[in-house]
Amino acid sequence: AQSVTQLDSHVSVSEGTPVLLRCNYSSSYSPSLFWYVQHPNKGLQLLLKYTSAATLVKGINGFEAEFKKSETSFHLTKPSAHMSDAAEYFCVVSPSYNTDKLIFGTGTRLQVFP
Amino acid sequence: NAGVTQTPKFQVLKTGQSMTLQCAQDMNHEYMSWYRQDPGMGLRLIHYSVGAGITDQGEVPNGYNVSRSTTEDFPLRLLSAAPSQTSVYFCASSYVKGGTEAFFGQGTRLTVV
């Protein structure tokens with residue numbers, strides 16, 4: 001069975017400081033992993049995805065994530081937070097054989113203070 | 001290129017009323033799905049379709065019906081609305097292939113009173 005756990009429901013950082021949003025997954029198969037961002041009252045937008053190529057994945061807006069199979073983790077990072085990064089972030093796992101089972105984490109709300 | 005379009009954006013229903021949430025995509029995606037988003041629970045899959053004429057249940061299908069008569073459209077019907085269906089609903093589409101990106105609509109905020 002596949003599952004995903006986002007370890008923090010809320011993260012607060014100051015503008016200009018690093019961002020770390022943590023995600024652990026469980027999958028019986030080689031999974032595809034995604035991070036989506038949802039700005040207030042908006043739909044979800046893909047930040048980045050891992051599909052068994054390079055383990056360090058670069059996404060939009062300066063975000064990146066590293067797939068660590070030994071730790072079953074896919075943490076999202078950004079070196080320097082911007083006010084516009086304030087949003088909700090979802091870690092998502094999908095079995096590589098089947099896209100009809102996108103499994104969402106419960107989300108992490110990122111606050112950025114000036 | 002419109003992507004995934006959902007209508008309406010907001011809706012208030014009385015308990016027992018029925019309605020249809022519309023979803024259309026113009027990317028020729030085979031796979032379409034409906035999710036509901038509730039605080040602290042992420043997105044949960046309601047129903048999905050892997051092509052015209054083919055639908056299946058997701059994690060929370062009770063109280064909802066879907067049909068897929070065309071590749072482009074995937075409406076979600078609430079048969080008899082209940083307060084527990086108050087939520088934000090998202091439609092998504094993608095290619096039926098492992099690891100592909102899902103594109104989401106802007107969402108429909110539904111309140112059942």
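Look up: the structure comes first, before these words.
Throughout, a residue's number is its position along its own chain's written sequence, starting from 1. Chain letters and ligand numbers both follow the written order, the letters beginning at A and the numbers at 1. Local features are withheld for residues below a pLDDT of 70 in this predicted model, meaning they are given only at 70 or higher, and side-chain atom pairs are given and counted only at 80 or more; totals for whole chains, interfaces and linings count all residues. Note that water and hydrogens are dropped before the side-chain values are worked out from all heavy atoms of the structure.

Caption draft 1: Highlighting the overall build of chain A. Think of it this way: any DSSP run of H or I at least four residues long counts as a helix, any run of E at least two long counts as a strand, and we number them from the N terminus. Within chain A one finds 0 helices and 12 strands. Mapped from its N terminus to its C terminus, chain A presents α and β elements in the order β-β-β-β-β-β-β-β-β-β-β-β. Taking 114 residues into account, the globule formula puts the C-alpha radius of gyration at 13 Å, and chain A, at 13 Å, falls close to it. Once the C-alpha set of chain A is aligned to its principal axes, its extents read approximately 45 × 30 × 20 Å. Exposure categories follow from relative accessible area, calculated using a 1.4 Å probe and restricted to protein chains: below 20% of the type maximum is buried, above 50% is exposed, and the middle band is partly exposed. When each of the 114 residues of chain A is scored for burial, the buried share is 46%. By definition, residues are in contact when any of their heavy atoms lie within 4.5 Å. Considering only contacts within chain A whose residues lie at least 6 apart along the sequence, 56% involve residues at least 24 apart. Atoms counted for the radius of gyration: C-alpha only. Globule rule: 2.2 Å times the number of residues to the power 0.38.

Caption draft 2: Representation of the environment of alanine 87 of chain A. Residue and element names in this part refer to chain A. With respect to the helices and strands, the residue alanine 87 is situated in strand β10 (residues 87-95). The spatial distance from the C-alpha of alanine 87 to the C-alpha of serine 32 is 23 Å, given a sequence separation of 55 residues. Setting aside its immediate chain neighbours within four residues, alanine 87 contacts Val37, Gln38, His39, Thr108, Arg109 and Leu110.

Caption draft 3: Summary view of the packing of aromatic side chains. Planes of paired rings set the category: under 30 degrees apart is stacked, over 60 is edge-to-face and the rest tilted, where pairs are Phe, Tyr or Trp rings (Trp by its six-membered ring) whose centres lie within 6.5 Å. As enumerated under the stated definition, the model contains 12 aromatic pairs over all chains in all. Where tyrosine 50 of chain A meets phenylalanine 67 of chain A, the ring centres are 4.1 Å apart and the plane angle is 15 degrees; that geometry is what we call stacked. Note that tyrosine 50 of chain A is positioned in strand β6 (residues 44-50) and phenylalanine 67 of chain A in strand β8 (residues 64-68), a separation of 17 residues in sequence. For the pair tyrosine 50 of chain A and phenylalanine 67 of chain A, a shared accessibility class is recorded, and that class is buried. Here phenylalanine 104 of chain A and tyrosine 35 of chain B contribute two aromatic rings whose centre-to-centre distance is 5.3 Å and whose plane-to-plane angle is 70 degrees, an arrangement assigned as edge-to-face. Of this pair, phenylalanine 104 of chain A sits in strand β11 (residues 103-104) while tyrosine 35 of chain B sits in strand β4 (residues 31-37), placing the two residues on different chains. Exposure remark for phenylalanine 104 of chain A: the relative accessible area of 8% places this residue in the buried category.

Caption draft 4: Spotlight on the state of the cysteines. Only a pair of cysteine sulfur atoms within 2.5 Å counts as a disulfide in this structure description. By the definition in use, this model includes 2 disulfides over all chains. In this model, cysteine 23 of chain A is linked to cysteine 91 of chain A through a disulfide, with the two sulfur atoms separated by 2.0 Å. Here cysteine 23 of chain A and cysteine 91 of chain A share a disulfide; its torsion about the S-S bond, -70 degrees, makes the bridge left-handed. One end of the pair, cysteine 23 of chain A, is in strand β4 (residues 23-26); the other, cysteine 91 of chain A, is in strand β10, with 68 residues separating them in the sequence. A single burial state applies to cysteine 23 of chain A and to cysteine 91 of chain A, both of which are buried. A disulfide bridge connects cysteine 23 of chain B with cysteine 91 of chain B, and the sulfur atoms are separated by 1.8 Å. Looking along the S-S bond of the cysteine 23 of chain B-cysteine 91 of chain B disulfide, the torsion reads about -70 degrees, which is the left-handed sense. Placement of cysteine 23 of chain B in strand β3 (residues 19-25) and of cysteine 91 of chain B in strand β9 (residues 87-94) is noted, with a sequence separation of 68 residues between them. Cysteine 91 of chain B carries the same exposure label as cysteine 23 of chain B, and that label is buried.

Caption draft 5: Structural detail: the environment of phenylalanine 103 of chain B. Residue and element names in this part refer to chain B. On the secondary structure map, phenylalanine 103 appears in strand β10 (residues 103-104). The partly exposed category is assigned to phenylalanine 103, whose relative accessible area is 33%. Counting along the chain gives 61 residues from phenylalanine 103 to glycine 42, while the straight-line C-alpha distance between them is 16 Å. Among residues more than four places away in sequence, those in contact with phenylalanine 103 are Val4, Met27, His29, Cys91, Ala92 and Ser93.

Caption draft 6: How the structure looks around the nonpolar core. Residues grouped as a nonpolar core are buried Ala, Val, Leu, Ile, Met, Phe, Trp, Tyr and Cys residues, joined through side-chain atoms within 4.5 Å. Residues Trp35, Leu48, Leu76 and Tyr89 of chain A are the most contacted members of the largest nonpolar core, which totals 26 residues. Broken down by element, this core gets its largest block of residues, 4 residues, from β10 of chain A. Ignoring sequence-local partners within four residues, the contact set of tyrosine 89 of chain A consists of Gln6, Leu21, Trp35, Tyr36, Val37, Leu47, Phe63, Leu76, Gly107, Thr108 and Leu110 of chain A. Formed by 20 residues, the second largest nonpolar core is a distinct cluster that contains Met27, Val60, Tyr89 and Val112 of chain B.

Caption draft 7: Expanded view of the pairing of strand β12 (residues 108-113) of chain A. Residues and elements named next belong to chain A. Across the two faces of β12 the burial differs, with Thr108, Leu110 and Val112 buried and Arg109, Gln111 and Phe113 not buried at all. Bridging between strand β2 (residues 10-14) and β12 involves 5 bridges; their strand directions are parallel. Paired with valine 13 across the two strands is valine 112, which belongs to β12. Judged from the 3 bridges that link them, β10 and β12 form a sheet pairing that is antiparallel. What sits directly across from glutamate 88, in β12, is arginine 109. If DSSP finds at least two bridges between two strands, the strands pair.

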